[in-house]
Amino acid sequence: MKTQDALLKQASITTQDSTVVATFDIDGTIPVSGAYVVGLMGATPDYSSQRRLCIEFMNGKAIAFYSFNREQGVEEDYDLSGVTHSENTITGSFPLAALNGLGKGHLMSAFSEAEGREYQHGVPVEENL
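Since we're looking at a predicted model, the values are computed, not measured. (Residues numbered from 1 in each chain as written. Predicted model: local features only at pLDDT ≥ 70, side-chain atom pairs only at ≥ 80, totals over all residues. Heavy atoms only, no water.)

1. With respect to the pairing of strand β9 (residues 107-114)
Residues in a regular strand point their side chains to alternate faces of the sheet. The test is simple: Per-residue accessibility, obtained with a 1.4 Å probe over protein chains only, is compared with the maximum for each type, and a residue is labelled buried under 20%, exposed over 50%, and partly exposed between these values. Counting from the N terminus, the helices are DSSP H or I runs at least four residues long and the strands are E runs at least two residues long. Strand pairing follows a simple DSSP-based rule, namely that at least 2 bridges must link the two strands.
In terms of burial, β9 is a largely internal element, 6 of the 8 residues being buried. Summarising the sheet, strand β3 (residues 35-43) and β9 pair through 8 bridges and their orientation is antiparallel. Paired with Y36 across the strands is A114, a residue of β9. Bridge analysis of β9 against strand β10 (residues 117-128) gives 5 bridges, and the strand direction is antiparallel. Its bridge partner being in β10, E113 is matched across the sheet by E118. Connecting the antiparallel pair β9 and β10 is a turn made up of 2 residues, with E115 showing a positive phi of about 55°.

Following this line, the structure appears as structure tokens:
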């Protein structure tokens, strides 16, 4: 993947009923070859509790949609029907429970990975929770 491809330019999250809707806007397009992941990393201010909410693509198609609770070492997989995407916007509707335990003073950033390597991290997230 070339560095100008799929650059994560912005991320946002909102809540709708019992769902967290995460939207990732990329500059470029979802790579049509190889692995690509976008996600959110949420943590308590002291990082003692961390959550990762991820959408994984392989060859341009969504193949995995999950959250990972780092302190419990538990991954929860969700149905891919919660993911929509166009060439440069990716949206995932995660259960609100995926963020349980982070509280109001939490930290949140977005990241992307390409071919199993960190591509971007610390991308600001606009929150409307």
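2. Let's talk about the pattern of salt bridges
We count it as follows: What makes a salt bridge here is a side-chain nitrogen of Lys or Arg within 4 Å of a carboxyl oxygen of Asp or Glu, nothing more.
Considering all chains together, one arrives at 2 salt bridges under this definition. Close ionic contact of E71 with R51 constitutes a salt bridge, the shortest N to O distance being 3.2 Å. With a gap of 20 residues between them, E71 in the loop between β5 (61-69) and β6 (74-77) and R51 in strand β4 (residues 50-58) connect regions that are remote in the sequence. With relative accessibility at 46%, the residue E71 sits in the partly exposed group.

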